[in-house]
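Structural features, examined
Below are the chains, spelled out letter by letter.
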Amino acid sequence: MIDVFYFSKTGNTESFAKRLSTDCLSITDKESDNQFILLTPTYFFGQVPEEVDDWLSRNELKLIGVIGFGNRNWGSKYFGRAADIISESFGVPVLAKVELRGTDEDVESVDRIIESLRRLR
């Protein structure tokens, strides 16, 4: 079983998570019992939200991939940078990057990624 967790402060990541065809869990609601994919926003110039750092410190061994959210207005170097930092820190792949609330095509793409990983596990 692979869960999908997200963190959202402004609502963009949560809005995207609710559009996926799978149930997503907020990191503010619970710890992870299973392997999981994390959906995380990026703040300012490529910062991982403190809440995500704290939660990952308790759940990192079950992390299998990360999807980053951001705003291209911060520049390509910083777009979705939180996902890059988490990927480097925990040795997991960046599965996708999504701008703001994402498009319908982004939702379909992430749904396919999640489904393919679930088939492999």
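Residues numbered from 1 in each chain as written. Predicted model: local features only at pLDDT ≥ 70, side-chain atom pairs only at ≥ 80, totals over all residues. Heavy atoms only, no water.

Quick look at the environment of Glu51 now. Residue placement: Glu51 occurs in helix H2 (residues 50-59). With 55 residues separating them along the chain, Glu51 and Asp106 place their C-alpha atoms 25 Å apart. Setting aside residues no more than four positions away along its own chain, Glu51 makes contact with Phe7, Lys9 and Ile27. Within polar-contact distance, the side chain of Glu51 engages the side chain of Lys9 at 3.2 Å. (Helix = DSSP H or I, 4+ residues; strand = E, 2+ residues; numbered from the N terminus. Contact = heavy atoms within 4.5 Å. Polar contact = N/O pair within 3.5 Å; in protein donor to acceptor, adjacent residues only side chain to side chain.)

Here we take up the pattern of salt bridges. If charged atoms from side chains of opposite charge come close, those side chains can pair. Tallied over the entire structure, the rule returns 10 salt bridges. Between Lys9 and Glu51 there is a salt bridge, and its shortest N-O distance comes to 3.2 Å. Residue Lys9 is located in the loop between strand E1 (2-6) and helix H1 (12-19), and its partner Glu51 is located in helix H2; the two are separated by 42 residues in the primary sequence. The exposure class of Lys9 is exposed, given its relative accessible area of 55%. A single salt-bridge network, built from bridges that share partners, covers Arg81, Asp84, Glu88 and Lys97. (Salt bridge = Lys/Arg side-chain N within 4 Å of Asp/Glu carboxyl O. Buried < 20%, exposed > 50% of the residue type's maximum accessible area, 1.4 Å probe, protein only.)

What follows is about the pairing of strand E3 (residues 35-41). In terms of burial, E3 is a largely internal element, six of the seven residues being buried. One ladder, built from five bridges, connects E1 with E3; its direction is parallel. Following the sheet pairing, Ile2 is matched in E3 by Gln35. Inspection of the sheet shows E3 paired to strand E4 (residues 63-70) by six bridges, in the parallel sense. Directly across from Thr40, in E4, lies its bridge partner Gly68. (Pairing = 2+ DSSP bridges.)

A word on the layout of surface pockets. Put simply, the largest pocket is a space of about 230 Å³. Considering the residues around the largest pocket, the lining is formed by 15 residues, among which Thr10, Asn12, Thr42, Tyr43 and Gly70 are closest to the centre. Elements that contribute at least two residues to the lining of the largest pocket include exactly H1 and E4. In the lining of the largest pocket, the residues fall into seven nonpolar, seven polar and one charged. (1 Å grid on protein atoms, 1.4 Å probe; cavity = no way out; pocket = protein on both sides within 12 Å on 5 of 7 lines; lining within 4 Å. Points joined across faces, edges and corners; volume = space filled by probe spheres on them. Nonpolar A, V, L, I, M, F, W, Y, C, P; charged D, E, K, R; others polar.)

Attention now moves to the sheet that holds E4. Strand order in the open sheet made by the five strands is E2-E1-E3-E4-E5, with parallel pairing throughout. Each edge of the open sheet is held by one strand with a lone partner, namely strand E2 (25-26) and strand E5 (94-99). Bridge analysis of E1 against E2 gives two bridges, and the strand direction is parallel. Bridge pairing links Tyr6 to Ser26 in E2. Along the sheet, H2 contacts E1, E3 and E4; its crossing angle with E3, the most-contacted strand, is approximately 170°. Against the sheet, helix H4 (residues 104-120) contacts E1, E3, E4 and E5, and its axis sits at roughly 165° relative to E5. (Axes fitted to C-alpha atoms, helices over the stretch in contact; angles between N-to-C directions.)

The analysis is restricted to geometry; functional conclusions fall outside its scope.
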